[in-house]
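Residues per chain are reported as follows:
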Amino acid sequence: MKLLKIAATGLVFAATSASAQTEITWWHAMGGQLGETVNQIAEDFNASQSDYKITPVFKGSYEETLTAGIAAFRAGEQPNIMQVFDAGAATVIGAKGAVIPVQDLLAANDVAFDINDYIPGVRYFYADADGKMIGMPFNSSTPILYYNEDALAKAGVTPPKTWEEFASTTGPALKEAGYIPLSQSHLPWIFTENFHSRHDLPFATNDNGYNGGDTQILVNNDAIKAHFSAVKDWKDQGLFEWYGTGWGDNAKPFEEGKVAMWLGSSGSFGGLVQKVDFPFSATMLPYWEGVNAEPKQTFIGGAALFAMSGKSDEENKATAEFFNFLTSPEVQYGWHKETGYVPITEAAYEVAKKDGHYDEFPAAEVGIQQLSLPAGDNTKGYRMGFYVQIRDVMNREYGRILTGETDVETAFANIEAESNKLLERFAKTQN
């Protein structure tokens, strides 16, 4: 009887183990309403099948999440999935053995993958030099120009396609109509990184950093210096206002109707719908016709999801299945519709079009259209280490330009020198 009892207990244990779910964790930086949407996606995945369970864990800001993830990896306590923002991508990709390339993960678990299924401006930002996708794009967005329709109608102008048009016509007319014509959020992302992409200008050596090695930044060039000289002139003329480095500080005057046009994220669409009480729309990021008469696509900002290494085959399969669920057309469309972030696949984009989403909200399509413009040699993005610190240097120097504390030449010389020192330090960590 004793042996029979032991055997029966063993059978119960075996049956329980066979049916037990494989559990994985997902560290992310989505707070507030975005965090609630992340939780809902996890709940929907868990409800869609019985083999796997994912638990999302909010870890604070982008920087805090990245720092926590690196510390956890060093301690052997990393999550299965970690959200990493654009400026931190080089850090996690450069950490040898830290992540499993998502393309390899999906292939190893028989999940179909074709990088051409993703919209053009999404495909390669989180890829390696050979075009293999390393991180799964998640909350993807690109900078666009939002405008107050009432303000432009009052001024008798249309949104500018070029910066030449803004300086000569749109800006002065909006000022005359009683508005601050323009503000923007995030000078490094919009007026630097995507400035280079929009004009197809090299941003760094070694294929904008994708080929690794001793990369140097190429930000100290005539085109962007001329742009910042113009921006400073616009500020002095009352055509542009800068409210500091805070994202919301620059968005709020637009939301209040004081600023007529705001350069923000395509992912801001959902929030603007809830906040503003005037009709608004959006158009593509203006460009300098004198720099490139045939403007190119921009690339994504936001963040990607990385599969951390050191996990069991069962957990890796669970991660692959979650990525498969996350990139399905229906889930991507739901994410896009709920948040304003772009749907990362062509299939999801088609679902949104067929559902009439853009007939009702034309502004929600602008980011996707811009990401789908012709590509160039310098439009897939950049890959530079210690880039969070490099952005800090940019923000400091741009603030000094706009407040008159320094001139454009000195500021860009400082950005170049300090950035290259940071890149040199990062290169040493990769050896």
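Anything mentioned here points back to the structure above.
A quick note: this is a predicted structure, and the numbers were derived from the prediction, not measured.

**Q** Looking at this model, I keep getting lost on the overall build of the protein chain. Mind explaining?
**A** Counting its secondary structure elements, the protein chain contains 19 helices and ten strands. Taking all contacts inside the protein chain whose residues are at least 6 apart in sequence as the whole, residues at least 24 apart take part in 75%. Accessible surface, the protein chain as shown: approximately 18,000 Å² in total, 50% of it carbon and sulfur. Side-chain charges in the protein chain split into 32 positive and 55 negative, and the spacing between the mean points of these groups amounts to 5 Å.

**Q** Just to check I follow, could you spell out the sheet that holds strand S9 (residues 280–283) for this structure?
**A** Across the sheet, which stays open at both edges, the four strands sit in the order S7-S8-S6-S9 with mixed pairing between neighbours. Edge positions in the sheet fall to strand S7 (180–184) and S9, since each of these pairs with one other strand and no more. Pairwise comparison of adjacent strand axes, ignoring direction, gives a mean angle of 25° for this sheet. As paired elements, S7 and strand S8 (residues 259–265) share four bridges and run parallel to each other.

**Q** How should the side chain of Thr 339 be read in this particular structure?
**A** Structurally, Thr 339 is set in helix H14 (residues 329–339). Classification of Thr 339 as buried rests on a relative accessible area of 6%. From its side chain, Thr 339 meets the backbone nitrogen of Tyr 341 in a polar contact 3.1 Å long. Residues contacting Thr 339, with those up to four places away along its chain left out, are Leu 34, Thr 37, Gly 267 and Gly 270.

**Q** Looking at this structure, I do not really get the nonpolar core. What am I missing?
**A** Inside soluble globular proteins, nonpolar side chains tend to come together where they are buried. Phe 322, Phe 323 and Tyr 398 are the most contacted members of the largest nonpolar core, which has 129 residues in total. The residues contacting Tyr 398, other than those within four sequence positions of it, are Leu 187, Pro 188, Thr 192, Val 219, Ile 224, Phe 228, Phe 412 and Ile 415.

**Q** Honestly, the packing of helix H8 (residues 187–198) against helix H10 (residues 222–237) in this entry has me stumped. Any pointers?
**A** Across the interface, H8 lies against H10 with an axial gap of 10 Å and an inter-helix angle of 140°. Relative to H10, the element H8 is oriented oblique. In this structure, the crossing between H8 and H10 has a hand that is right-handed. Within the contact between the two elements, H8 uses Leu 187, Phe 191, Thr 192, Phe 195 and His 196 and H10 uses Ala 223, Ile 224, His 227, Phe 228 and Val 231. Of the residues assigned to the contact of H8 with H10, the class counts are seven nonpolar, three polar and no charged.

**Q** Please clarify how unusual backbone geometry should be interpreted in this entry.
**A** Most peptide bonds are trans, and most residues other than glycine sit at a negative phi. Of note in the backbone geometry, Asn 208 takes a positive phi value of approximately 55° without being a glycine. Here Asn 208 is to be found in helix H9 (residues 205–208). Looking at Asn 208, the relative accessible area reads 2%, which means it is buried. Backbone geometry at Phe 386 places phi at a positive 50°, although glycine is not the residue there. Within the fold, Phe 386 resides in the loop between helix H17 (366–371) and helix H18 (387–402). Judged by its relative accessible area of 17%, Phe 386 is buried.

Calculation criteria
Residues numbered from 1 in each chain as written. Predicted model: local features only at pLDDT ≥ 70, side-chain atom pairs only at ≥ 80, totals over all residues. Heavy atoms only, no water. Helix = DSSP H or I, 4+ residues; strand = E, 2+ residues; numbered from the N terminus. Contact = heavy atoms within 4.5 Å. Areas by Shrake-Rupley, 256 points an atom, 1.4 Å probe, with all protein chains shown as cover. Lys, Arg positive; Asp, Glu negative; His and termini not counted. Charge placed at Lys NZ, Arg CZ, Asp CG, Glu CD. Pairing = 2+ DSSP bridges. Axes fitted to C-alpha atoms, helices over the stretch in contact; angles between N-to-C directions. Buried < 20%, exposed > 50% of the residue type's maximum accessible area, 1.4 Å probe, protein only. Polar contact = N/O pair within 3.5 Å; in protein donor to acceptor, adjacent residues only side chain to side chain. Core = buried A, V, L, I, M, F, W, Y, C linked by side-chain atoms within 4.5 Å. Parallel < 35°, antiparallel > 145°, perpendicular 65-115°, else oblique. Left-handed = near helix turned anticlockwise from the far one by under 90°. Nonpolar A, V, L, I, M, F, W, Y, C, P; charged D, E, K, R; others polar.

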